[in-house]
Amino acid sequence: MPARFVNDFTVRVATVNGSGSQSSNLVLTNAIARLGIPVAPKNVFPSNIEGLPTWFDVRISALGYQCRARDFDVLVALNAATWAQDVTGVKPGGAVVHEESFPCKGDTLREDLVYYAVPFAALAKEHFADKGDLRKYLMNMIYVGALAQLLEIPMSTIEESLRAQFRSKAAAVELNMAAIRVGLEYAQEHFEKHDPWRVVPMSGKTDGLIFMEGNRAAALGCVMGGCTVAAWYPITPSSSLCEYFIQYCERYRVNRESGERNVAIVQAEDELAAAGIVFGAGWGGARAMTSTSGPGISLMAEYAGYGYFAEVPGVIFDVQRAGPSTGLPTRTMQGDVAFAYTLSHGDTKHIVLLPATVREAYEFAMEAFNLADRFQTPVFVLSDLDLGMNSWQTPALPYPDKPFDRGKVLAADDLASMKSWGRYRDVDKDGIPYRTLPGTKHPGAGFFTRGTGHDEEARYSEMPEVWQRNLDRLTRKHDTARTAVPAPVVEERKGPKIAILAYGTTHHAVVEARDFLKDAGIELNYMRVRALPLSPEVATFVQRHDRVYVVEQNRDGQLYGILRTELPTHLIGRLESIRHYNGVPIDAHAIIDPLLEEERAPAVVAE
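Residues numbered from 1 in each chain as written. Predicted model: local features only at pLDDT ≥ 70, side-chain atom pairs only at ≥ 80, totals over all residues. Heavy atoms only, no water.

**Comments concerning the overall build of the protein**
Tallying secondary structure elements over the protein gives 20 helices and 21 strands in all. Expected size for 607 residues packed as a compact globule is a radius of gyration near 25 Å; at 27 Å, the protein falls within 12% of this value. For the protein, the spread of C-alpha atoms along the principal axes amounts to about 90 × 80 × 40 Å. The buried share of the protein, reckoned over its 607 residues, is 56%. Summarising the internal contacts of the protein: among those between residues at least 6 apart in sequence, 76% fall at separations of at least 24. Of the roughly 26000 Å² of accessible surface on the protein, a fraction of 51% belongs to carbon and sulfur atoms. The distance from the centre of the 62 positive side-chain charges to the centre of the 74 negative ones in the protein is 4 Å. (Helix = DSSP H or I, 4+ residues; strand = E, 2+ residues; numbered from the N terminus. Rg over C-alpha atoms; globule rule 2.2 N^0.38 Å. Buried < 20%, exposed > 50% of the residue type's maximum accessible area, 1.4 Å probe, protein only. Contact = heavy atoms within 4.5 Å. Areas by Shrake-Rupley, 256 points an atom, 1.4 Å probe, with all protein chains shown as cover. Lys, Arg positive; Asp, Glu negative; His and termini not counted. Charge placed at Lys NZ, Arg CZ, Asp CG, Glu CD.)

Put into structure tokens, the structure is as follows:
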């Protein structure tokens, strides 16, 4: 059997929101991973509670590609409303497992597909007549059994995955296993396999990997990073970050002897109030955070500017979704980059971290608190729905190996040895002043914070030269941060004169696109930007190439715009923008197709 049919295809499950399909989808995903095969699950779901279409893709890739595949090979169709549309999207030669009652004639029936009709509803009614509303959930487990038979997934592996999925609900295991066996036995008795798709166990590809969502990893990073205050208002797709943080704090922020909680978590009345709590806690010396998405960022603009100018630390997680307005809450995008970078009402530039992986979601969460303290400023961590809410195969997260960086905090002993100090003086010429924390036992430890005009001593001032001097110092602080934030990751060799520059979850599509393009005779170097402000390395990387394709998931090319603003003028013409912005995670061909078109276009010769 050709290798391309083994461990290299995508399964799409089409069902309706609220039908309980997520558990069955994860059982399938985990079972394949337990065979040592890399998988990349992607959930595309509606923002309503129940009833609208939802799709779950399981990409099976022996090469370990983690981005979404544009097309799919095997369809499990359980939604009558999208049946015709779903069949249209299957790649030629694909397989369709569908509810038997769905019409298979006329425009729906494609002659280039293999069909397997299963009476899911009838089987559930026959075998689970006494289970009432549970039958709709068990229908999904029936599909797992049928698909396991067709793809040749061992039933022992399915059962292991099921027990892991319901490890806290032992009573549910046997019932769901019974449903899986119903599907398996039906497929054994009624189907002769006519499609080529199957899975074969592999060795070494998934050793040591676990499944984790980016939001969970970020929440754990907050715990490890010393966060003791969280204020939030629920908003998709960021809510689970604070929910996971609460769960971890119940385990790790409680004194085992006294039962006292060593954390303050507040569900505020809105995102504006949440930001106020974060900066109030930061003023008091705590490490504090909030999580939100684009609409919440809008409400936080005033406090972001206050934190920047008064120089108060705080961490804001923005799990980006599609906008503008309230947008598409359950679709992914990288649309807040430019907004978060300059969030306020004037000359403001923030530190922005851009994780691409689960591990970076964890590590950047910890580092965000260090940077916020060191630079006495708001720090934004820009994830997105794809990273935040989807499960990713990732190595186990390492325990932190360095102490917290609290920055330039003056203790009582420090003050005793000083003649005087000024809250906003630039003593070290790096733009970062010194501060004291409330409660420091020294008469010189008064903690002044002003969001209005102030001089180096924190005295109120509206003098033009004082205002400009302060803004110039804040610019120096921003420039100091260029070499303190996570450095870009560069994959480069001598020879190629074209390159890709990307950030965040776009990275996973770039990995696959580069492999494809190399096979097509186009080799590209690659830089992944991991933070703003831009590292000095970015300009030198662009300088070494004739063309640099800036790939991102937003309509307007926001990082492309920042690069054009901040790079030297003679480098701007080397930049080309590639954008993906339809709300679903970017796939490799969203990069391959426009890049090939550009590289193979005939040169225009001026007369």
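**Brief notes about the side chain of E367**
Looking at the secondary structure, you find E367 in helix 13 (residues 358-375). Aside from chain neighbours lying at most four places away, what touches E367 is K402 and A484.

**What to know about the domain arrangement of the protein**
If you check the domain split of the protein, you get domain 1 (2-207), domain 2 (212-395), domain 3 (408-485) and domain 4 (489-606). Taking the mean C-alpha position of each, domain 2 and domain 3 sit 25 Å from one another. Between domain 2 and domain 3, the contact holds 23 residues from the first and 28 residues from the second. Taking both sides of the interface into account, the surface hidden between domain 2 and domain 3 amounts to around 2000 Å²; carbon and sulfur atoms contribute 60%. Inspection of the region where domain 2 meets domain 3 yields three salt bridges. Across the pair R473 and E311 runs a salt bridge whose closest N-O atoms are separated by 2.4 Å. (Domains from an automatic or database assignment. Buried area = accessible area lost by both parts, 1.4 Å probe. Salt bridge = Lys/Arg side-chain N within 4 Å of Asp/Glu carboxyl O.)

**Re helix 18 (residues 536-543)**
For helix 18, every residue scored as buried is listed here: V538, F541 and V542. The arc that holds the buried residues of helix 18, viewed along the axis, is 95°, so those residues lie on one side. Those residues of helix 18 that are buried lie in contact with strand 16 (489-491), strand 17 (498-503), strand 18 (525-529), strand 20 (547-552), helix 19 (558-566) and strand 21 (575-579). (Arc of directions from axis to C-beta.)

**Quick look at the sheet that holds strand 16**
Spatial strand order, 16-18-17-20-21: five strands in an open sheet with mixed pairing. Two strands lie at the open edges of the sheet, namely strand 16 and strand 21, each paired on one side alone. Here the strands of the sheet are splayed against their neighbours by 20° on average, with no regard to which way each runs. Note that strand 20 and strand 21 share five bridges and pair parallel. The residue of strand 21 that forms the bridge with V550 is S577. Against the sheet, helix 17 (residues 506-519) contacts strand 16, strand 17, strand 18 and strand 20, and its axis sits at roughly 155° relative to strand 17. Set on the sheet, helix 18 makes contact with strand 16, strand 17, strand 18, strand 20 and strand 21; between it and strand 18 the angle comes to about 160°. (Pairing = 2+ DSSP bridges. Axes fitted to C-alpha atoms, helices over the stretch in contact; angles between N-to-C directions.)

**Regarding the layout of surface pockets**
What the largest pocket holds in volume is close to 1200 Å³. Residue lining of the largest pocket: 37 residues in total, with L26, E213, R216, Y244 and S391 positioned closest to the centre. Looking at the lining of the largest pocket, the elements that each hand over two or more residues are helix 1 (21-34), strand 2 (39-44), helix 5 (155-165), strand 7 (209-213), helix 7 (214-224), helix 8 (239-252), helix 14 (385-389) and strand 15 (391-395). Broken down by element, the lining of the largest pocket gets its largest block of residues, seven residues, from helix 1. The residue makeup of the lining of the largest pocket, split by class, is 13 nonpolar, 19 polar and five charged. Of the domains in this structure, domain 1 (2-207) and domain 2 (212-395) are the two that each give at least three residues to the lining of the largest pocket. Within this model, the second largest pocket holds a volume of roughly 700 Å³. D8, R59, K91, E512 and H589 are the residues nearest the centre of the second largest pocket, which is lined by 30 residues in total. Looking at the lining of the second largest pocket, the elements that each hand over two or more residues are strand 1 (8-16), strand 3 (53-61), strand 5 (90-99), helix 17 and helix 20 (589-599). The leading source of residues in the lining of the second largest pocket is helix 17, at four residues. Among the residues making up the lining of the second largest pocket, the classes are represented as 13 nonpolar, five polar and 12 charged. (1 Å grid on protein atoms, 1.4 Å probe; cavity = no way out; pocket = protein on both sides within 12 Å on 5 of 7 lines; lining within 4 Å. Points joined across faces, edges and corners; volume = space filled by probe spheres on them. Nonpolar A, V, L, I, M, F, W, Y, C, P; charged D, E, K, R; others polar.)

**Here we look at the pairing of strand 14 (residues 378-384)**
On a regular strand, one side chain projects to one face of the sheet and the next to the other, so that they alternate. The buried fraction of strand 14 amounts to seven of the seven residues, a majority that puts the element mostly inside the structure. Every second residue of strand 14 is oriented toward a common face, with P378, F380, L382 and D384 on one face and V379, V381 and S383 on the other, all of them buried. Pairing of strand 11 (residues 314-322) with strand 14, which is carried by seven bridges, proceeds in the parallel orientation. When the bridges of strand 14 are listed, V319 appears paired with S383.

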